[in-house]
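Structure assessment
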Amino acid sequence: GAVVSQHPSRVICKSGTSVKIECRSLDFQATTMFWYRQFPKKSLMLMATSNEGSKATYEQGVEKDKFLINHASLTLSTLTVTSAHPEDSSFYICSARPGTTYEQYFGPGTRLTVT
Amino acid sequence: AQTVTQSQPEMSVQEAETVTLSCTYDTSENNYYLFWYKQPPSRQMILVIRQEAYKQQNATENRFSVNFQKAAKSFSLKISDSQLGDTAMYFCAFMKPGAGSYQLTFGKGTKLSVIP
C-alpha cells in the first residue's frame, strides 16, 4: 500500500530557532501534499496545500512566513517552522495524494516541542 | 464552505458489542466523498471506510459499515463485534473532488473506548 513517512517523529527545539519537518511518499508520486496541525484531543486543522513545483496555498490564519512549505519533488515536501515559539508546540501531520486517486495517505506525524 | 459535525465527543462499548458513531455534514455539492478515519493512541491516521456520494449502496469493510443518507446529509459508522483494538479517536471527513485540491474537512472526532 501507499506509505508516507515523516522525519523526525519527535523534535525539541529552543525558542527562536527554526526546525524542518520532512514528509516523503515512499512508493508513489504525490501530486499534492497537505500539512495539518493537531492540538491535544482536537481534530486535524489543515494548514496548507502544496502541489509539486508550485507555491503552497495556505489556509486563512496560517502565517506563510512562519510556516514555510516546499514541495520540490513528487516525493518530498518540507515544513519549516521559523523562529519557533512555545505556542508552535503541536503535532504536525502530513498527507500525500497520488495524481491517480482522490485519496490521501497520512504520515505518522511529528511532535514538536519548543522550549 | 462545508462543515462536518460529530455530536458524540466520547462513546464506550462493551467488547463484542455493536456501536454506531454519528456524523452529519452540510454541503451544497452533489458530487463528493465521505470518509471515516481512525486515530489510535499512536496517532497514525488510518482510513476505515469511504463512500462516494453518487453510490446509493452503503459501503462495508469487514466489521465496519456505514449508513449513508444523502438527503439527510448523514453518514454514520457502525462497528460490529467491537474489539479492544478499535479503541481510538474516529474522525468523519468530507472531500469535494477537483478544483485542484481534494482537501479534507474533518469533524471534531469521537473518542471510542472498547471495554473488556
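For every chain, the first residue of its written sequence is number 1, and the numbers climb from 1 along that sequence. The naming scheme follows written order: chains are lettered A onward, ligands numbered 1 onward. For a predicted model such as this one, the threshold for reporting local features is a pLDDT of at least 70, and the threshold for listing and counting side-chain atom pairs is 80 or more; totals across whole chains, interfaces and linings nevertheless cover every residue. Hydrogens and water are ignored here; the side-chain numbers use all heavy atoms of the structure.

The next thing to look at is the overall build of chain A. Counting its secondary structure elements, chain A contains 0 helices and 11 strands. Secondary structure elements in chain A, listed N-terminal to C-terminal, are β-β-β-β-β-β-β-β-β-β-β. We compute the radius of gyration from the C-alpha atoms alone; for a globule the expected value is 2.2 Å times N to the 0.38, where N is the number of residues. The C-alpha radius of gyration computed for chain A amounts to 13 Å, which stays within 12% of the reference 13 Å derived for 115 residues, consistent with globular compactness. Seen through its C-alpha atoms, chain A measures out along the principal axes to roughly 40 × 25 × 20 Å. Exposure is judged per residue with a 1.4 Å probe applied to protein chains only, and the accessible area is read against the type maximum: over 50% gives exposed, under 20% gives buried, and values in between give partly exposed. Buried residues in chain A amount to 50% of all 115 residues. Contacts are residue-level and defined by heavy atoms, with any inter-residue pair within 4.5 Å sufficient. When contacts within chain A are restricted to residue pairs at least 6 apart in sequence, long-range pairs at least 24 apart make up 55% of them. Summed over its atoms, the accessible surface of chain A is roughly 5500 Å², and 52% of this surface lies on carbon and sulfur atoms. Separation of charge centres in chain A, based on 12 positive and 9 negative side chains, amounts to 6 Å. Numbering of helices and strands starts at the N terminus; helices are DSSP runs of H or I of at least 4 residues and strands are runs of E of at least 2. Surface accessibility in these figures is a Shrake-Rupley result with a 1.4 Å probe; residues are shielded only by whichever protein chains are displayed. Charged residues are defined narrowly, with Lys and Arg counted positive, Asp and Glu counted negative, and His plus the chain ends left uncounted. Each charge is placed at NZ for Lys, CZ for Arg, CG for Asp and CD for Glu.

On to the pattern of salt bridges, then. Note on definitions: salt bridges are taken to be side-chain nitrogens of Lys or Arg within 4 Å of carboxyl oxygens of Asp or Glu. Tallied over the entire structure, the rule returns 7 salt bridges over all chains. Put simply, Arg-50 of chain B and Glu-103 of chain A hold a salt bridge, and the shortest N to O gap is 2.5 Å. Highlighted residues: Arg-50 of chain B in strand 6 (residues 46–52) and Glu-103 of chain A in the loop between strand 9 (90–98) and strand 10 (105–106), drawn from two different chains. In this structure Arg-50 of chain B comes out as partly exposed when scored by relative accessible area, which is 29%. The class for Glu-103 of chain A is buried, based on a relative accessible area of 8%.

This next bit is on the interface of chain A and chain B. Between chain A and chain B, the contact holds 22 residues from the first and 20 residues from the second. At the boundary of chain A and chain B, one finds 1 salt bridge. Counting of polar contacts relies on pairs of N or O atoms within 3.5 Å, with two restrictions inside protein: one atom must be capable of donating a hydrogen and the other of accepting it, and residues adjacent in sequence are counted only when both atoms are side-chain atoms. Put simply, chain A and chain B have 9 residue pairs in polar contact (both at pLDDT 80 or more) between them. Among the elements of the structure, strand 4 (30–38), strand 5 (44–51) and strand 9 of chain A are those that each provide at least two residues to the side of chain A that touches chain B. Classification convention: Asp, Glu, Lys, Arg as charged; Ala, Val, Leu, Ile, Met, Phe, Trp, Tyr, Cys, Pro as nonpolar; all other residues, Gly among them, as polar. Per-class residue counts for the side of chain A that touches chain B are 10 nonpolar, 7 polar and 5 charged.

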